[in-house]
Amino acid sequence: MRYFKVSAKCGHVGRHCYIIKDFYIVANDGKEAAFKVRHLPRVKHDRKDAILSVEAIAKDEYLEGKALQAKDMYFRVHSSTEQRQCGAVDYDLVLPETEATKHQKCKNPIYYHKLARMIRKDIQRRLTGEF
């Protein structure tokens, strides 16, 4: 088992915003460490780019990091309301998401024309009994 420091985008700091936090993980390789962090609470699960970096570290650095993480109020609170009340987040470190999270619909009229034609043909086949 090896020790890793994984930087990830974390949420609960505002709509379409994130904060970068470091997680200290024990894993066999970097890919497993990234997978473990990806499924931890507070990490942005819906973002493909949630894991920013993975680096191997020594055991003493791992222990120091775990101690710092245990002292961090961001990880000790249980809700965003508690987080605001106790001031767990420095809002100067909060960053906006750079790209839209939802997919844009295709506005190409040719696409919609072909789709409508396919739907009409399918309905005609069903009504005439041809499958």
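Our subject is the structure that appears above.
Here's what I pulled together on the structure shown here. Just so you know, these numbers come straight off a predicted model, no measurement behind them.

Another aspect to go through is the nonpolar core. Counting residues in each nonpolar core, the largest one holds 17 residues, and the members touching the most others are Val13, Phe23, Val37 and Val43. Those elements that provide at least two residues to this core are β1 (2-10), β2 (17-27) and α1 (30-38). With five residues, β2 is the single largest residue contributor to this core. When sequence neighbours within four positions are dropped, the list of residues in contact with Phe23 reads Phe4, Lys5, Val6, Ala8, Cys10, Val37, Leu40, Val43, Gln69 and Phe75.

Turning to a negative patch on the surface, a few remarks are in order. Where like charges cluster on the molecular surface, the negative patch consists of Glu55, Asp60, Glu61 and Glu64. By residue number, the principal contributor to the negative patch is helix α2 (residues 59-71), which donates three residues. Note that Glu61 resides in helix α2.

Quick look at the sheet that holds β2 now. Spatial ordering of the open sheet is given by β3-β1-β2-β4, a layout of four strands whose pairing is antiparallel. Unpaired on one side and paired on the other, β3 (51-57) and β4 (95-96) mark the two borders of the sheet. Alignment of β1 against β3, held across six bridges, turns out to be antiparallel. Bridging across to β3, Ser7 finds its partner in Ser53. Sheet contacts for α1: β1, β2 and β3; angle to β2, the most-contacted strand, approximately 130°.

Cut-offs used in this document
Residues numbered from 1 in each chain as written. Predicted model: local features only at pLDDT ≥ 70, side-chain atom pairs only at ≥ 80, totals over all residues. Heavy atoms only, no water. Core = buried A, V, L, I, M, F, W, Y, C linked by side-chain atoms within 4.5 Å. Buried < 20%, exposed > 50% of the residue type's maximum accessible area, 1.4 Å probe, protein only. Helix = DSSP H or I, 4+ residues; strand = E, 2+ residues; numbered from the N terminus. Contact = heavy atoms within 4.5 Å. Patch = residues over 30% accessible without salt bridge, like charges linked within 9 Å, V, L, I, M, F, W, Y side chains within 5 Å. Areas by Shrake-Rupley, 256 points an atom, 1.4 Å probe, with all protein chains shown as cover. Salt bridge = Lys/Arg side-chain N within 4 Å of Asp/Glu carboxyl O. Lys, Arg positive; Asp, Glu negative; His and termini not counted. Charge placed at Lys NZ, Arg CZ, Asp CG, Glu CD. Pairing = 2+ DSSP bridges. Axes fitted to C-alpha atoms, helices over the stretch in contact; angles between N-to-C directions.

Keep in mind these numbers describe shape, not what the thing actually does.
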